[in-house]
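# Tertiary structure, described
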Amino acid sequence: MQDHFVLVPGFGGFQALGSLRYYHGVTQALGFTPLVLHYFPNLPTASVQTRARQLRRWLGELQERGVIARKDHIHLVGHSTGGLDLRQLLIDFREEEGTKGASESLLEQIRTVQFISTPQRGTNLARRLRKLRIPSRVARLLPRILFETTRAFREVGASFVGRRLQRVFPPNKGSPDWLDAVIQTMVGFDSSKDKLERALARASYFETLRWLLDISTDIAAISDLDPVRTPGAPESPAHRRTAEEERDFLMKWDIHYGSIVTVAKRPVEKEARGLYKLVYALNARRPSPELGQAQTIPWLLEPHEAARRLMPSDNDGIVNSVSMVWPDAESSFLVEADHADVIGHFNYVQPPPDTPQRYYQYDLLCSGSDFGPDQFEALWRKIASFTESGTYRPHAFPPSIEAPADQMRH
């Protein structure tokens, strides 16, 4: 029997795209465990309902091919909107329970579910963007223009434009961010090296085209993330107030659950950059009451410190922290980090020069947080230990310091 660890990416998600891996460094951080890791290649901006159906089909295919044996255990981890995908998957199972179409064999194999930075009640950022009342056709126009332009330039032309942009926007010293990731991806579309390098560059180009086409075709996830449901739109887990029912269902099937809540510093430090200041402010300004009320949450990596009182305006740059508390405060633990820190993008690291497919680590949001390699490793050790016990075991931080066990209700 094996334990399979399935990581589901969030909004705009992918397994790997251009020079960027969504979950960066997780494989290395979990190298000490016997877990078999799987990275789900999600649909980037489709509705949560569509993404959940795709995840279910993908897991079923792994079963069919014998990659996941019928007696193996499955552990699900969702970051950001990926956590809503997991909730929707479980809601679908609950609503099918006892019917002919129920897939109990898969459900019986799921042992743990963990949510990281998940907008369980939506995010104020989505609310603010939707208040601009930009029609969906217009919202899809930019990715469509990027798709058509990239396709017209082809690999060589897009790479040439990327190199020109590198001169205009040289990489940020010490902490290249999301813009540098975009430019480096474009540069990588063409390679004059050996046949393998050229083939990998071409594959990166076409994968990026597919990603842009997906976004320009379906952006339903934006309404799913609005804390206020749009009339006529499908119901998202973020709009459901069924935490108790969902919790009872998990307990019935002996599925352990936990939520990791992230909160970042207010952008007053000199290190915080323009994009982070903007998105933080949009989240903090007049938060929607649907996001939830103030909550007191214990720390995950510093269990000796006093629990923090989270206000609705507190956020990690993308999601309001109180929205991540699910199904209750007793099941949630706090980490000081921005939205991208926890998936490995907290500083810039170049890949080894002899690596065929070169993926970089970026500081995507540049929030000026103190989250670094030690915190990242400690966090993912706790996430891994959860699969064994259904609780967030104390992992010493710093590693030489022992701390009393965190208790989680499940």
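The structure contained in this document is the topic of the report that follows. None of these values were measured; they are calculated from a predicted model. (Residues numbered from 1 in each chain as written. Predicted model: local features only at pLDDT ≥ 70, side-chain atom pairs only at ≥ 80, totals over all residues. Heavy atoms only, no water.)

## Details of the environment of Ser 223
In this fold, Ser 223 is placed in helix 10 (residues 221–225). Residue Ser 223 is classed as buried on the basis of its relative accessible area of 13%. For the pair Ser 223 and Ala 233, spaced 10 residues apart in sequence, the C-alpha separation works out to 7.6 Å. With near-sequence residues (within four places) excluded, Ser 223 lies in contact with Arg 130, Thr 230 and His 239. (Helix = DSSP H or I, 4+ residues; strand = E, 2+ residues; numbered from the N terminus. Buried < 20%, exposed > 50% of the residue type's maximum accessible area, 1.4 Å probe, protein only. Contact = heavy atoms within 4.5 Å.)

## Comments concerning helix 13 (residues 373–389)
Compared with an ideal rise of 1.5 Å per residue, which puts 17 residues at 24 Å, helix 13 spans 25 Å between its outermost C-alpha atoms and is within 8% of the ideal. Within helix 13, burial applies to Gln 375, Phe 376, Ala 378, Leu 379, Trp 380, Lys 382, Ile 383, Ala 384, Ser 385, Phe 386 and Thr 387. (Expected span 1.5 Å × (residues − 1).)

## Concerning empty space enclosed by the protein
Per the counting criterion, the structure on display carries one cavity of 30 Å³ or more. Taken as a whole, the largest cavity spans an internal volume of roughly 50 Å³. Arg 87, Leu 90, Ile 91, Arg 94, Phe 115, Glu 246, Phe 249, Leu 250 and Trp 326 are the residues that line the largest cavity. Of all the elements in the fold, those that place two or more residues in the lining of the largest cavity are helix 3 (81–96) and helix 11 (243–252). No other element matches the four residues that helix 3 contributes to the lining of the largest cavity. (1 Å grid on protein atoms, 1.4 Å probe; cavity = no way out; pocket = protein on both sides within 12 Å on 5 of 7 lines; lining within 4 Å. Points joined across faces, edges and corners; volume = space filled by probe spheres on them.)

## Thoughts on the sheet that holds strand 10 (residues 332–336)
If you walk across this open sheet you meet the six strands as 4-1-5-6-7-10, and the pairing is parallel. Pairing within the sheet leaves two strands with one partner each, and these edge strands are strand 4 (36–39) and strand 10. Across the sheet, the axes of successive neighbouring strands diverge by a mean angle of 20°, strand direction being ignored. The pairing of strand 1 (residues 3–8) with strand 4 spans four bridges and is classified as parallel. Considered in strand 4, the bridge of Phe 5 is made with Leu 37. Those strands touched by helix 13 are strand 1, strand 5 (73–79), strand 6 (110–116), strand 7 (256–263) and strand 10, and its axis lies near 155° from that of strand 6. (Pairing = 2+ DSSP bridges. Axes fitted to C-alpha atoms, helices over the stretch in contact; angles between N-to-C directions.)

## Considering the pattern of salt bridges
Under the criterion given, the structure shown has 19 salt bridges. For Glu 96, the salt bridge is made with Arg 56, and the minimal N-O distance between the two is 2.8 Å. Here Glu 96, found in helix 3, pairs with Arg 56, found in helix 2 (residues 48–64); they are 40 residues apart in sequence, far enough to count as distant. Across the salt bridge formed by Arg 247 and Asp 328, the nearest N and O atoms sit 2.6 Å from each other. Placement of the pair is Arg 247 in helix 11 and Asp 328 in the loop between strand 9 (308–310) and strand 10, with a sequence separation of 81 residues. Like Arg 247, the residue Asp 328 is buried in the burial classification. (Salt bridge = Lys/Arg side-chain N within 4 Å of Asp/Glu carboxyl O.)

## Considerations on the nonpolar core
By size, the foremost hydrophobic cluster in this structure holds 52 residues, and its most contacted members are Leu 379 and Trp 380. At the level of secondary structure, the elements contributing two or more residues to this core comprise strand 1, helix 1 (26–29), helix 7 (141–168), helix 8 (178–187), helix 9 (195–217), helix 12 (274–284), strand 10 and helix 13. Ignoring sequence-local partners within four residues, the contact set of Trp 380 consists of Phe 5, Leu 7, Tyr 23, Val 26, Ala 29, Leu 30, Val 77, Ile 116 and Val 342. Counting residues in hydrophobic clusters, the runner-up holds 26 residues, among them Phe 40, Ile 68, Leu 89 and Phe 249. (Core = buried A, V, L, I, M, F, W, Y, C linked by side-chain atoms within 4.5 Å.)

## Points about the packing of aromatic side chains
Overall, the coordinates contain 17 aromatic pairs when judged by the stated rule. Between Tyr 276 and Tyr 280, the aromatic rings sit 5.7 Å apart at their centres with planes inclined by 55°, giving tilted as the arrangement. Taken together, the residues span about one helical turn, with Tyr 276 and Tyr 280 both in helix 12 at a distance of four residues. Here Tyr 276 falls in the buried class, since its relative accessible area comes to 0%. When the centroid spacing of 5.8 Å and the interplanar angle of 70° are considered together, the rings of Phe 346 and Phe 371 count as edge-to-face. Of this pair, Phe 346 sits in strand 11 (residues 346–349) while Phe 371 sits in the loop between strand 12 (361–363) and helix 13; the two residues are 25 residues apart in sequence, bridging distant segments of the chain. Per residue, the accessibility class of Phe 346 equals that of Phe 371, and both read buried. Stacked on the ring of Phe 32, the Lys or Arg Arg 381 has its end atom at 4.1 Å from the ring centre. (Phe/Tyr/Trp six-rings, centres within 6.5 Å; stacked < 30°, edge-to-face > 60°. Lys NZ or Arg CZ within 6 Å of the ring centre and 35° of its normal.)

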